[in-house]
Amino acid sequence: MRSRQTKAEWAQPRLQQNLALEFGRLATSQICLVDLVLQFGSVTSFLNIDASYTILDLAKNVKRIDPLLLDGSLVKHSSGVRVLAEPFYAEDARRITPSDIDEILDVLAQSFDFVVVDMAKKFDEMLALVLDKAGLVLFVTEMDVPSLKSAHGSVRAFERMGIYDKKIRLMP
């Protein structure tokens, strides 16, 4: 059991959030940042924003998502980036299915120029779904032997999962 997060664990959410914020500053594009770390997400904390609704609200209404429901479910950051927040309670993560995420990401892809997703660090059906849909995967790692060995194993796992390796970029 670890009592604190490593540098890599802190760096990953910051990378997605900074990437989304930079997209928002550099272009007139519509950007959505999605926190798919469903149990202990931190996007809203890092961006210092409060959400009234979360991804759980969209998941519960996935068959009736319209522009008004979508707009009301997102929080607008001062940069213009829209954020789909993590659930308020960790135990609510189990109420969100990969099928819900599939439909939500499809709606977001139709509504935004860029969708940036912060993911948990575990191989599961949710990760496979997001990696398959992604146009670009930024894989964050530290530049030490254990981290690089782990990154190499992860990239090999992506290959076995059928994730096109040309869209994966290692980020130190």
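Structure shown above.
So, how was this worked out
- Residues numbered from 1 in each chain as written.
- Predicted model: local features only at pLDDT ≥ 70, side-chain atom pairs only at ≥ 80, totals over all residues.
- Heavy atoms only, no water.
- Buried < 20%, exposed > 50% of the residue type's maximum accessible area, 1.4 Å probe, protein only.
- Helix = DSSP H or I, 4+ residues; strand = E, 2+ residues; numbered from the N terminus.
- Contact = heavy atoms within 4.5 Å.
- Polar contact = N/O pair within 3.5 Å; in protein donor to acceptor, adjacent residues only side chain to side chain.
- Pairing = 2+ DSSP bridges.
- Axes fitted to C-alpha atoms, helices over the stretch in contact; angles between N-to-C directions.
- Lys, Arg positive; Asp, Glu negative; His and termini not counted.
- Salt bridge = Lys/Arg side-chain N within 4 Å of Asp/Glu carboxyl O.
- Phe/Tyr/Trp six-rings, centres within 6.5 Å; stacked < 30°, edge-to-face > 60°.
- Expected span 1.5 Å × (residues − 1).
- Core = buried A, V, L, I, M, F, W, Y, C linked by side-chain atoms within 4.5 Å.

Draft legend 1. Focus on helix α6 (residues 125–133). Among all positions of α6, only M126, L127, L129, V130 and L131 are buried. Here the buried face of α6 lies against β1 (31–36), α5 (98–111), β4 (114–119), β5 (137–140) and α7 (145–160). Taking the backbone nitrogen of M126 as reference, a side-chain oxygen 3.2 Å away marks D124 as the first, capping residue of α6.

Draft legend 2. Region of interest: the sheet that holds strand β3 (residues 82–84). Spatially, β2-β3-β1-β4 is the arrangement adopted by the 4 strands of the open sheet, whose pairing is mixed. Looking at which strands have only one partner, the edges of the open sheet turn out to be β2 (75–76) and β4. Examined bridge by bridge, β1 and β4 share 6 bridges and lie parallel to one another. Within the sheet, the bridge partner assigned to I31 lies in β4 and is F114. In this fold α5 packs onto β1, β3 and β4, with an angle of close to 150 degrees to the strand it touches most, β4.

Draft legend 3. Structural view of the side chain of K167. Checked against the element boundaries, K167 lands in the loop between α7 and β6 (168–171). Despite its burial, K167 pairs with no opposite charge; the closest candidate is D132, at 5.2 Å N-O. Polar side-chain contacts of K167 include one of 3.2 Å to the backbone oxygen of D132. Here the side chain of K167 touches A134 through a polar contact of 2.7 Å, landing on its backbone oxygen. Beyond its immediate stretch of four places on either side in the chain, K167 contacts L131, D132, A134, G135, L136 and V137.

Draft legend 4. Highlighting the pattern of salt bridges. Throughout the structure, instances matching the rule amount to 7 salt bridges. In this structure, R95 and D92 form a salt bridge, with 3.4 Å as the shortest nitrogen-oxygen distance. Taking relative accessible area as the criterion, R95 reaches 44% and is therefore assigned partly exposed. For D92, a relative accessible area of 12% puts it in the buried group. Each member of the salt-bridge network shares a partner with another, and the members are D102, D106 and K133.

Draft legend 5. How the structure looks around the packing of aromatic side chains. Enumeration according to the criterion identifies 2 aromatic pairs in this entry. Ring centres of F123 and F158 lie 5.7 Å apart, and the angle between their planes is 55 degrees; this geometry places the pair in the tilted category. Separated by 35 residues along the polypeptide, F123 in the loop between β4 and α6 and F158 in helix α7 bring together distant segments of the chain. Ring centres 5.8 Å apart and planes at 75 degrees place the aromatic pair F139 and F158 in the edge-to-face group.

Draft legend 6. Spatial organisation of α5. An ideal rise of 1.5 Å per residue puts 20 Å on 14 residues; α5 measures up with 20 Å between its terminal C-alpha atoms. The inward-facing, buried residues of α5 contact β1, α3 (55–60), α4 (67–73), β3, β4 and α6.

Draft legend 7. Local environment of the nonpolar core. By size, the foremost hydrophobic cluster in this structure holds 36 residues, and its most contacted members are V34, L36, I55, L84, I101, I104 and L108. Contributions of two or more residues to this core are made by β1, α3, α4, α5, β4, α6, β5 and α7. Broken down by element, the residue count for this core peaks at 5 residues, all from α6. In this structure I101 touches L36, I55, I96, M126, L129 and V130, once residues within four positions along its chain are discounted.

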